[in-house]
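Geometric and topological summary
Here is how the chains run, residue by residue.
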Amino acid sequence: MKLSAPIFHLKRRAKILSREAQIPLHQALDQIASGEGFARWSLLAEHASSTTSASQLLSRLAPGELLLLAARPGHGKTMMGLSLLATAVNRGQRGFFFTLECNEKEVLDRFRRVGGDLAAASARFDYDTSDAICADYIIENLTDAPQGSVVVIDYLQLLDQRRENPDLGSQLQRLKSFSKASGVILVLISQIDRSFELSDRPCPDMGDIRLPNPVDLSLFNKACFINDGQVQMETVGR
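Every residue gets a number counted from 1 within its own chain, in the order that chain's sequence is written. For this predicted model, a pLDDT threshold of at least 70 governs which residues receive local features, and a threshold of 80 or more governs which side-chain atom pairs are given and counted, while totals over whole chains, interfaces and linings are taken from all residues. Only hydrogens and water are removed before side-chain values are computed, so all heavy atoms of the structure are retained for them.

This part takes up the overall build of the protein chain. The way it works is that DSSP assigns letters per residue, a run of H or I at least four long becomes a helix, a run of E at least two long becomes a strand, and they are numbered from the N terminus. For the protein chain, the helix and strand inventory stands at nine helices and seven strands. In terms of overall size, the protein chain behaves like a compact globule, its C-alpha atoms giving a radius of gyration of 18 Å where 238 residues would be expected to give roughly 18 Å. With the C-alpha coordinates of the protein chain rotated into their principal frame, the extents come out at 60 × 40 × 30 Å. Counting every position in the protein chain, which comprises 238 residues, the buried fraction comes to 51%. Across the protein chain, every contact between residues at least 6 apart in sequence was considered, and the portion connecting residues at least 24 apart equals 69%. Positive and negative side-chain charges in the protein chain, numbering 27 and 28 respectively, have mean positions lying 5 Å apart. Throughout, the radius of gyration refers to the C-alpha atoms, and the reference size of a globule is 2.2 Å times the residue count to the power 0.38. When a residue's accessible area, from a 1.4 Å probe over protein chains only, is under 20% of the maximum for its type it is buried; when over 50% it is exposed; and in between it is partly exposed. Contacts are assigned to residue pairs that have any heavy atoms within 4.5 Å of one another. Counted charges follow a simple rule, with Lys and Arg positive, Asp and Glu negative, and His plus the chain ends left uncounted. Here the site of a charge means atom NZ of a Lys, CZ of an Arg, CG of an Asp or CD of a Glu.

Laid out in structure tokens, this is it:
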């Protein structure tokens, strides 16, 4: 479904509507989204970000790199992660999705929505919804993954939710070492702190990553930020 205008124009319309009709901004956003054929603004934003070419993003990732994929809820970060996997699988690469957030039905439904062909991809796409997911679990299950495989982890802040798991910083270091040694591309989906919504910036940056405990984010090679259909990528570390 093609939008009638770029998403930043639609958001501007919503702000004008909010002032003129004296209604909360979220209601105005939903009204604008309804006019575009979406039940809620979050669905419109998700659609806009997922239609951004995942192939362009994937082409900027080299074997052994770590990508941080971050956005506020409802802005399409999970859909972009699955779009990357669908694109990789269509190119003949292996794709793996480890999620502590989605159930099996949600994974399959969303994979289809981004154009993934489950029948054709059955030998190249694997997903895991186990509650045991952590760095060691992921590494153990990727022992035979060929170089250039794309692995999406959903999401960073949940990896140490179980007390028996190592702290998040230690797990990230383990994943970094594994990716460099194996040549697997690791994509970690991440939350953005809600304080970003009070800013006027078009996209978040590394300073907006929600971290309950200190983590060395320079371990990531690149970062991709999504907000209201806009996608911004930057180089982080080496």
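Counting 65 residues, the largest nonpolar core has Leu159, Leu175 and Leu188 as its most contacted members. At eight residues, helix 5 (residues 77–90) tops the list of elements feeding residues into this core. Those residues in contact with Leu159 that sit more than four places away from it in its chain are Leu100, Ile133, Cys134, Ile138, Ile153, Asn165, Leu168, Gln171, Leu175 and Leu188. Counting 14 residues, the second-largest nonpolar core is a separate cluster that includes Leu3, Ile7, Ile23 and Ala33. Here, nonpolar core refers to any group of buried Ala, Val, Leu, Ile, Met, Phe, Trp, Tyr and Cys residues whose side-chain atoms link them within 4.5 Å.

Turning to helix 5, a few remarks are in order. Note that an α-helix has 3.6 residues per turn; residues three or four places apart therefore point the same way. Its 14 residues place the ends of helix 5 20 Å apart at the C-alpha level, agreeing with the 20 Å of an ideal helix rising 1.5 Å per residue. Downstream of helix 5 by a residue or two, Gly92 has a phi angle that is positive, lying close to 100°. Expected helix span is taken as 1.5 Å per residue step, with the number of steps being one fewer than the number of residues.

Take the packing of helix 1 (residues 7–21) against helix 2 (residues 25–35) next. Here, axes are lines fitted to C-alpha atoms. For helices the fit covers the stretch in contact, and angles between N-to-C directions go from 0 to 180 degrees. It is the contact of helix 1 with helix 2, at a shortest axis distance of 8 Å, that shows an interaxial angle of 130°. As far as their axial angle goes, helix 2 and helix 1 are oblique. Between helix 1 and helix 2 lies a crossing of right-handed hand. Residue-level inspection shows Leu10, Lys11, Arg13, Ala14, Lys15, Leu17 and Ser18 of helix 1 in contact with helix 2, the latter providing Leu25, Ala28, Leu29, Gln31 and Ile32. Residue type decides the class: Asp, Glu, Lys and Arg count as charged, Ala, Val, Leu, Ile, Met, Phe, Trp, Tyr, Cys and Pro as nonpolar, and the leftover types, Gly among them, as polar. When grouped by side-chain class, the residues that make up the contact of helix 1 with helix 2 number seven nonpolar, two polar and three charged. Any angle that is under 35 degrees is reported as roughly parallel, and any over 145 degrees as roughly antiparallel; angles of 65 to 115 degrees are reported as roughly perpendicular and all others as oblique. Crossings are assigned a handedness: left-handed for a near helix turned anticlockwise from the far helix by less than a right angle, right-handed for a clockwise turn.

What follows covers unusual backbone geometry. Among all residues save glycine, negative phi is the norm, and among peptide bonds the norm is trans. Residue Tyr155 follows Asp154 across a cis peptide bond; omega there is 0°. Relative to the helices and strands, Tyr155 resides in the loop between strand 4 (150–154) and helix 9 (168–182). Although it is not a glycine, Gln22 adopts a positive phi angle of roughly 55°.

Attention now goes to the side chain of Gln157. Mapped onto the secondary structure, Gln157 falls in the loop between strand 4 and helix 9. Any N or O atom pair separated by 3.5 Å or less is treated as a polar contact, with the protein-specific requirement of one donor-capable and one acceptor-capable atom, and with residues adjacent in sequence counted only for side-chain atom pairs. Reaching out from Gln157, the side chain makes a polar contact with the side chain of Ser190 at a distance of 3.0 Å. Sequence-distant contacts of Gln157, that is, excluding residues within four places in its chain, are made with Leu168, Ile189, Ser190, Gln191, Ile209, Arg210 and Pro212.

All right, on to the pairing of strand 6 (residues 222–227) then. Counting buried residues along strand 6, six of its six residues qualify, which places the element largely inside the surrounding structure. Along strand 6, one buried face is formed by Lys222, Cys224 and Ile226 and the opposite face, lined by Ala223, Phe225 and Asn227, is buried too. Two strands pair under a simple rule: DSSP has to find at least two bridges between them. Strand direction decides the pairing type here: strand 1 (residues 66–71) and strand 6, joined by four bridges, are parallel. Each residue of the ladder has a partner; that of Leu69, found in strand 6, is Cys224. Of the pairings in the sheet, the one linking strand 6 to strand 7 (residues 230–235) comprises six bridges and is antiparallel in character. Pairing of Lys222 across the sheet is with Thr235, part of strand 7.

A separate point is the pairing of strand 5 (residues 185–191). Across the seven residues of strand 5, seven count as buried, placing the element largely inside the fold. Side chains Ile185, Val187, Ile189 and Gln191 of strand 5 all project onto a buried face; the interleaved residues Leu186, Leu188 and Ser190 project onto the opposite face, where all are buried too. In this sheet, strand 5 lies alongside strand 1 in parallel orientation, the contact comprising six bridges. When the bridges of strand 5 are listed, Leu68 appears paired with Leu188.

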